[in-house]
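Chains, contacts and geometry: an overview
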Amino acid sequence: ALERTLSIVKPDAVAKNVVGEIYSRFEKAGLKIAAAKMKHLSRKEAEGFYAVHRERPFFNALVEFMCSGPVMIQVLEGDNAIAKNRELMGATNPKDAAPGTIRADFADSIDANAVHGSDAAETAAVEIAYFFPSTEVYAR
Ligand code: CMP
């Protein structure tokens, strides 16, 4: 089915100057960019985005890292976009990520893991709305 998912190129990958290489992987896999912006998240914005992880032991480190520099935030649209993006990203921990995935190629650690992607349709809708009003998401 045609889906939309929220993708974030995290501060580590923006700092490495691999935004274009990562976008190229999305495009080659048939995912279209339906919205995009660069943003340096405030602590409050990062805490709100990751609110579901508030009780996890890694929450503070995660928020700290996500505010450490600008990120690229995009909505990806395409057939089966949520699972397709997760396949392109690879496992959360780059040590477990399959060769050729974004995290295997660009991530340094489970915290600095290059990209975020929504994990399900319900979270995708919430995450997209968190960053983009519907007037800023373009059907492709
Ligand atoms: P992300 O997909 O952005 O969602 C939450 C993030 O928390 C995750 O990627 C990791 O970067 C980070 N994180 C740190 N430690 C863990 C952990 N033990 N399990 C899951 N996510 C973790």
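Definitions and limits used
Residues numbered from 1 in each chain as written. Predicted model: local features only at pLDDT ≥ 70, side-chain atom pairs only at ≥ 80, totals over all residues. Heavy atoms only, no water. UniProt positions renumbered as here; feature names shortened; annotations may be inferred. Helix = DSSP H or I, 4+ residues; strand = E, 2+ residues; numbered from the N terminus. Contact = heavy atoms within 4.5 Å. Near = heavy atom within 4 Å. Polar contact = N/O pair within 3.5 Å; in protein donor to acceptor, adjacent residues only side chain to side chain. Areas by Shrake-Rupley, 256 points an atom, 1.4 Å probe, with all protein chains shown as cover. Nonpolar A, V, L, I, M, F, W, Y, C, P; charged D, E, K, R; others polar. Salt bridge = Lys/Arg side-chain N within 4 Å of Asp/Glu carboxyl O. Buried < 20%, exposed > 50% of the residue type's maximum accessible area, 1.4 Å probe, protein only. Pairing = 2+ DSSP bridges. Axes fitted to C-alpha atoms, helices over the stretch in contact; angles between N-to-C directions.

Taken from the UniProt record, the annotation "active site" (unreviewed entry) applies to His116. Counting through the fold element by element, His116 comes out in strand E4 (residues 115-117). Discounting residues that sit within four places of it in the chain, His116 has contacts with Leu6, Ser7, Ile8, Lys10, Phe49, Tyr50, Asn85, Met89, Arg103 and Glu127.

Moving on: the site of the ligand. Neighbouring the ligand are the residues Lys10, Tyr50, His53, Phe58, Leu62, Thr92, Arg103, Ile110, Asp111, Asn113 and His116. Within the side chain of Lys10, a nitrogen or oxygen atom sits 2.7 Å from an oxygen atom of the ligand. Between Asn113 and the ligand, the recorded distance is 3.2 Å, taken from a side-chain N or O atom to an oxygen atom. Across the complex, the protein chains shield 78% of the 450 Å² of accessible surface that the ligand would expose by itself. Residues of the shell around the ligand, tallied by class, amount to four nonpolar, four polar and three charged.

Glancing now at the pattern of salt bridges. Scanning the entire structure with this criterion turns up six salt bridges. Between Arg43 and Glu64 there is a salt bridge, with its nearest N and O atoms 2.4 Å apart. You can see Arg43 sitting in helix H3 (residues 43-49) and its partner Glu64 sitting in helix H4 (residues 59-66), a full 21 residues away along the chain. Assessed through its relative accessible area of 47%, Glu64 is described here as partly exposed.

Right, let's talk about the UniProt feature "domain: Nucleoside diphosphate kinase-like" (unreviewed entry) in the protein chain for a bit. Taking the numbering used here, the UniProt-annotated feature "domain: Nucleoside diphosphate kinase-like" (unreviewed entry) corresponds to residues 2-139. The span residues 2-139 carries 40% helix and 20% strand; its end-to-end C-alpha distance comes to 11 Å.

Two orientations exist for strands paired in a sheet by backbone hydrogen bonds: parallel and antiparallel. Read from one edge to the other, the open sheet built from four strands follows the order E2-E3-E1-E4, with strand pairing classed as antiparallel. Whereas interior strands pair on both sides, the edge strands pair on one side only; in this sheet they are strand E2 (32-39) and E4. Across this sheet, the average inter-strand angle for adjacent strands is 20°, counted without regard to direction. In terms of strand pairing, E2 meets strand E3 (residues 71-79) through seven bridges, oriented antiparallel. In the strand pairing of E3, Ala35 is matched with Val75. Relative to strand E1 (residues 2-9), helix H5 (residues 81-89) is tilted by about 35°, and along the sheet it contacts E1, E3 and E4. Across the sheet, helix H7 (residues 121-131) touches E1, E2, E3 and E4, and the angle it forms with E1 is around 55°.

Before going further, it helps to spend a moment on the environment of Ala121. In this fold, Ala121 is placed in helix H7. Overall, Ala121 belongs to the partly exposed group, its relative accessible area being 44%. For the pair formed by Ala121 and Arg56, sequence separation is 65 residues and the distance between their alpha carbons is 22 Å.

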